[in-house]
Amino acid sequence: MYAQVAFPFYRFQTFTYKIPTTLIDKVRNGVCVNAPFRNKSRTGFVMSVSEHSNFSGKVHDVTKISDENLSIPIDLWQTLEWISSYYYAPIGSVLKTAIPLSFKKSSEPQKLSFAKITKTGLNAINNLTRAPAQKAFLEALKNVDDSVSVQSLKLHVSNPISIAKICAEKGYIELIEKKKIHNPLDYILTKKVNKIKLNSEQKSVFSSINDYLKKSKFSSHYIHGETGSGKTEIYIRLVQETLKLGKTAIILVPEISLTPQTASRFKSHLGSDIALWHSKLTTAEKTWTWENIKNGVFKIIIGARSALFTPFKNLGLIVVDEEHDYSFKQEQSIPFYNARDAALVRGKLASACVVLGSATPSMEMYYNGIINKIHWLKLKNRYGNAVPPLIKIIDMKSEVRHFDNPHVTLSRDLINQIEDRLDKNEQIILLQNRRGYAVIQCCHDCGEIANCKNCSVSLTYHRKNKLLLCHYCDFSTNPMSRCHQCGGEHLEFSGSGTQKIEEQLQELFPKSRILRMDFDTVRGKQGHHKILEKFRKKQADILLGTQMIAKGLDFPDVTLVGVISGDTGLFLPDFRAEERNFQLIYQVTGRAGRHEKPGLAIIQTFNPKALSISCAARLDLKRFYNVSLSQRQELNYPPFSRLGRFIITGKQKENVMKTASTFSAIFCSVKNIQILGPSQAPIEKIKNKWRYHLLIKHEKNKPHLIQKILDNYKKSILETPHNGTTVRLDIDPVNIL
């Protein structure tokens, strides 16, 4: 017997090995094995098994089954094969993305202290006004049923170990020694809640999906619910029903920032069956989580896109929340897969129920709903007594005239409304989808802008470290003291990032407490969670941030949302620019007034008549989608066609152009396709490499057309550099910059 083995590196090729008689019963597709490769023992995965081999050279034996924990269920293995085939990615790259080969066997675990509050501690809380650290420590424990890792309470007190000793001596807590585990959910403290009350609209949607869930057959559903309509409550009830059927569930969320809040809500209803999975977890945390999934300890996983690859057996439910979000598409490394589409494939292969949800569906899914390709369900009203926020557009051209300042960032209305909410002790969320202090540094004499030396983008000024930074390659330099072009000294920082807005808010409202949430403030361990926990506990009045604050967040006292610049991203050279802008504005305005207090959202813009802005302000989804679909159909863009994008990069511009032309020639003779390019990519240079791209539009009913054409040509051109250039294929791209 012979096995075709793939190794986790960038190769389309598989390699032939003989299966020793002692392993024949154990080797199957998806099994992790050790085999010799280039004089080293390497870990690979069995792609197929056959009785004969066509390989004429020397055939080595599979050495051993590498790790039972890394062998994966058949439905997941078939999903990975589909990703390799559809996105035209080497199976080795897919395996490297999906399977955690860096896991190491843990040594004897350390012991940690866990704390549980006593009746004495509960009675003492109100009397500890002169011991605020002890009071905060006990406050964190009082609503938690289980014992809690003392170390995890660092979010609540700066020195939890010493405070725990004091509290234990006084009888306020019971200290318990346990073996150290790497559970990322430890720092999410919740009190178990048993019952979810669904309103009539939610019950109807839940019952409709649950009928399919019970059949244990593949089905796909879309919950199109207004912001605050209670989609999460339906997800939780569906998970509860899935567990009753003895099955497992995967919950995908787009942003790491949403993972802790979603996990907290699920944990409060479902207890300790839940695991967490995202890129910020340590290797030890991932190892511990993976092993416990394999051992059947966890029945539910909540995480970002890679959580789809966790090795659940008997999968019954996959939920993709905020399916419209572009972070479900992997863009930084191969394979360039979309977790939303891969979730539908895995659900079909596992005979599971797949539920997508959003207030602002992607154009593709909205169209699928129109043509009845997916079971479409509506939640038209907000949960409880909440009503949609009042939304007001501010034309910033009038503010420029009033203040006689072309750089004005905060309108009179927004300033007044912030002041009003601060007086009422209510909370505010402000969106500015640009990080840094100033967008550019420019010369008034000649118009020169400080650009990155490695990329064709301007440098952003960051006030904290007083540097100009490139957000693409991390190049940094000191700001210009004189213009490099003309020698002029009339230099100015223009445009406003989150750092500058934060500074202006502090000047206008010196007594307010402001939290800033952007890439620069969430880099540390649990960075997202720490910021959101402070805001949830009302330790801050204003949450200012980039798009990571725009969706999924639910705070009862947020009654005002401000969009500082509704035009950001509106005029990007991408056919999805308007769709993205609409979704971002619609989602963030939905953070206001989600509970009993009424909400107000203010959108500041220089383009109040833009389709995405005017429709978002009127909550007019139907008009936006109908107009947008009409435009897409006229230009033959998705969802009315399929799209593939070749990105060609290299240090020599001429070689990049030649390779781009070569690829264009491959497709020129093919009927019923449309070729756009080759042309310079909108961002022409990144990390000192020139970038050209080529867009291929083709018929929607031929999903593998580009892949088949390349099969007849050379896969190797996507594997190895060609004439000093690298070629990458992105199937169904969500970004053409």
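Residues numbered from 1 in each chain as written. Predicted model: local features only at pLDDT ≥ 70, side-chain atom pairs only at ≥ 80, totals over all residues. Heavy atoms only, no water.

Caption draft 1: Highlighting the environment of Thr310. Tracing the backbone shows Thr310 in the loop between β13 (300-303) and β14 (315-321). Here Thr310 falls in the buried class, since its relative accessible area comes to 0%. Filtering out sequence-adjacent residues up to four positions away, Thr310 remains in contact with Leu76, Ile250, Trp277, Trp290, Ile293, Ile301 and Arg346. (Helix = DSSP H or I, 4+ residues; strand = E, 2+ residues; numbered from the N terminus. Buried < 20%, exposed > 50% of the residue type's maximum accessible area, 1.4 Å probe, protein only. Contact = heavy atoms within 4.5 Å.)

Caption draft 2: Representation of the sheet that holds strand β26 (residues 558-563) in the model. Ordered by their spatial adjacency, six strands build an open sheet running β17-β27-β26-β18-β25-β24, and the pairing between neighbours is parallel. Each edge of the open sheet is held by one strand with a lone partner, namely β17 (390-395) and β24 (514-517). Going from strand to strand, the sheet's axes swing by 15° on average, the running direction of each strand aside. Of the strands in this sheet, β17 and β27 (600-605) touch helix α12 (residues 396-403), which is tilted by about 55° from β17. (Pairing = 2+ DSSP bridges. Axes fitted to C-alpha atoms, helices over the stretch in contact; angles between N-to-C directions.)

Caption draft 3: Region of the structure containing the packing of helix α1 (residues 74-86) against helix α2 (residues 91-98). Their axes nearest at 9 Å, the elements α1 and α2 cross at an angle of 130°. Taken together, the axes of α1 and α2 lie oblique to each other. When you trace α1 past α2, the crossing you get is right-handed. Contact residues: Trp77, Leu80, Glu81, Ile83 and Ser84 in α1; Ile91, Val94, Leu95 and Ala98 in α2. Looking at the contact of α1 with α2 residue by residue, the classes come out as seven nonpolar, one polar and one charged. (Parallel < 35°, antiparallel > 145°, perpendicular 65-115°, else oblique. Left-handed = near helix turned anticlockwise from the far one by under 90°. Nonpolar A, V, L, I, M, F, W, Y, C, P; charged D, E, K, R; others polar.)

Caption draft 4: Just the packing of aromatic side chains, in detail. According to the stated counting rule, one finds 25 aromatic pairs in the structure shown. Taken together, a centroid distance of 5.0 Å and an interplanar angle of 85° make the contact between Tyr86 and Tyr87 edge-to-face. In this structure Tyr86 comes out as buried when scored by relative accessible area, which is 6%. For Tyr87, a relative accessible area of 2% puts it in the buried group. Each ring, one from Phe582 and one from Tyr586, has its centre 5.5 Å from the other, and the planes form 45°; the classification is tilted. Of the two residues, Phe582 and Tyr586 both sit in helix α16 (residues 577-589), four residues apart, roughly one turn of that helix. Across this residue pair, the class does not change: Phe582 and Tyr586 are buried. (Phe/Tyr/Trp six-rings, centres within 6.5 Å; stacked < 30°, edge-to-face > 60°.)

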